[in-house]
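Structure assessment
What follows is each chain in one-letter form.
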Amino acid sequence: MRILWLGTGFLALGALVWGGYEVSVPAVVLNLAVGLSFIGAGLEAADRRPDSRSGQLMIAVGLAWFVRLAGAIENDAAFAIGVATKTFYLAVLGHLLVTYPTGRITSRWQLVVVSVAYLLTVPVNVGYLLVTPLEPQNIVVIREVSAPDVPAVAVVVMTSGIVLFGALLARMITRWLRSGSVARRDLGPVVWGGAAIGLTVVVTYLAALLGLPPGVQVALQWSTEVVLVGWPLALLYGLLRARLDRSAVGELAVSFGAGLPDDLRSVLARTLHDPSLEIVYGEVPPASRGVTYLEAGGTRLAALVHDPALDPAFVRAVAASAALAVQNELRLQRIVAAADEARRQVERDLHDGAQQRLVSVLLTLKLAESSPERLAAARDELAKALDELRELARGIYPVLLTDAGLGPALISLVERSAVPAVLVGVPEERLSPVAERTCYFVIAEALTNAIRHSQAREVRIEVTCVDGLVTVDVSDNGSGGASRLRGLDDRVAAVGGRLTVHSPVGEGTRVRAEFSDPRR
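Keep in mind the model is a prediction, meaning the values are calculated, not measured.

The rules behind these values
Residues numbered from 1 in each chain as written. Predicted model: local features only at pLDDT ≥ 70, side-chain atom pairs only at ≥ 80, totals over all residues. Heavy atoms only, no water. Helix = DSSP H or I, 4+ residues; strand = E, 2+ residues; numbered from the N terminus. Buried < 20%, exposed > 50% of the residue type's maximum accessible area, 1.4 Å probe, protein only. Pairing = 2+ DSSP bridges. Axes fitted to C-alpha atoms, helices over the stretch in contact; angles between N-to-C directions. Contact = heavy atoms within 4.5 Å. Salt bridge = Lys/Arg side-chain N within 4 Å of Asp/Glu carboxyl O.

What follows concerns the environment of G71. Considering the arrangement of structural elements, one finds G71 in the loop between α3 (54-67) and α4 (76-85). When its relative accessible area of 0% is taken as the criterion, G71 is described as buried. For the pair G71 and V140, spaced 69 residues apart in sequence, the C-alpha separation works out to 6.0 Å.

Written out as structure tokens, the structure reads:
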């Protein structure tokens, strides 16, 4: 497609320079600049925004501008082509203005405006050629035209053009005023650039119809072409701004690495350029606004209620970064809460178990000074207290896991289980300390869940390690219906793994954890 940009430019240059008429250097430069600006910007837009047809319409405007340059060739056929297509670029330009940024006709009024615009160009120009004697001249060069020299057909076309462009501008500005902040930002380049072009065209037509001084007419025509050079760049910027905005998603993710900001809504609103953005935790009330959910691991964390004019892909990218940050924050809160709860449980176990026994032993020893039977009872209480302390210490962190490895530690865990448990398999070689701890506590908590909630009659446990991928599988034949196990989920996620819980009601529960051994 790049050859189109160069090829049409060379053809236009040839028509202007070697067409037979004398064309000034500023006229050559300006005519080439208008066509190449539209074609170049259109090619870039079509390449980067294939979802929009505005890029193709921009290319069409540039090609229509170049086709009219056939009127710069000193030839009857070329003159006829130039006259027939002289105003065709304005119809394509109107098509682009009406349908920007999608480039697609989606309503009846758009269809009417675009159809009228095309009918007022080539068909009318061809009709003019059929009823007017052919007098070849350079129709491209800007020149002075007095009111008596304006043909009746041209008067009709100009008047219709003034009405059409006036209505189009009114519609565009009304649309801009009624839009939200996001839509205004997107429509800004086309509305104000299009308004500048439309006004210059309307004023130029009025100047010709009212017979204003020739110098004024020439100045207006030059200003129209100057505006046409720069406007495609503004359109291109508007079309590509979504890509530029998406680069901010990476910066957003980096900023979230330091934790959630105090005012998450303001940060997201600034990134999305939507001051009306809301974050809803819980049920989202019915509304005509756009809704994008923050989801992580299949869990819905919150919802972004935003301007529906926002690019859905852009919102989803921002929502994904925010969801990950929110999930990490919630996970951190759950880990801290779990650690606090574990400390409280240790304190309760010490207070209600071993501590009570030791207090009882102390009292018994005071009374045992004159009673051998009470001394024996004190010895029994001390033995029980020692057993409870060992059991408590084993629950906090099993020494056997460090000394002997995962296999012996799991055998000890299975032997002490209140529900019959079967250790199907365990890796023969030692895993890294992190991997062994993760396996042990995942199995311990899954076993506890089976004992307390599932009424299981048997639990099967298997640990495998293949090519550094550790898999822990704990299944029981209980009642099922278990929900997500947050503690296990967080523990496995902490080593970069994934936990799945399959627990259909009445069919038992299967807990499966997969993670890579960091040592391998």
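Next comes the rest of the account.
Turning our attention to the sheet that holds strand β7 (residues 498-502). Backbone-to-backbone hydrogen bonds join strands into a sheet, with any given pair of strands oriented parallel or antiparallel. The mixed open sheet is built from five strands, whose spatial order is β4-β5-β6-β8-β7. Strand pairing shows two members of the sheet lacking a second neighbour, β4 (421-425) and β7, which therefore form its edges. Strand after strand, the sheet turns through a mean of 10° between neighbouring axes, direction not considered. Helix α15 (residues 406-415) contacts β4 and β5 (459-466) of the sheet and is inclined by roughly 160° relative to β4. Seen against the sheet, helix α16 (residues 433-452) touches β4, β5, β6 (469-476) and β8 (509-516) and runs at an angle of roughly 10° to β6.

This next bit is on the environment of V28. Within the secondary structure layout, V28 lies in helix α2 (residues 25-48). We classify V28 as buried; its relative accessible area is 11%. Contacts of V28, omitting those with residues within four sequence positions, involve L13, L16, V17 and V23.

If a strand is regular, its side chains alternate between the two faces of the sheet. In terms of burial, strand β3 (residues 299-306) is largely enclosed, as six of its eight residues are buried. Of the strand pairs in this sheet, strand β1 (residues 278-280) and β3 are connected by three bridges, and their pairing is antiparallel. Within β3, the residue paired with E278 across the bridge is V305. As judged from the seven bridges shared by strand β2 (residues 290-296) and β3, these two strands associate in the antiparallel manner. Across the sheet, residue A296 finds its bridge partner in β3, namely T299.

Looking now at the side chain of T471. Positionally, T471 belongs in strand β6. Looking at T471, the relative accessible area reads 9%, which means it is buried. The residues contacting T471, other than those within four sequence positions of it, are E462, V463, T464, R512, A513 and E514.

Oppositely charged side chains are able to pair whenever their charged atoms sit close together. For the structure shown, the criterion picks out five salt bridges. Here R430 and E436 are joined by a salt bridge, their closest N and O atoms 2.7 Å apart. Residue R430 is classed as partly exposed on the basis of its relative accessible area, which comes to 36%. Taken together, the shared-partner salt bridges in this structure form one network comprising D473, R498, R510, R512 and E514.

These figures capture arrangement, not role.
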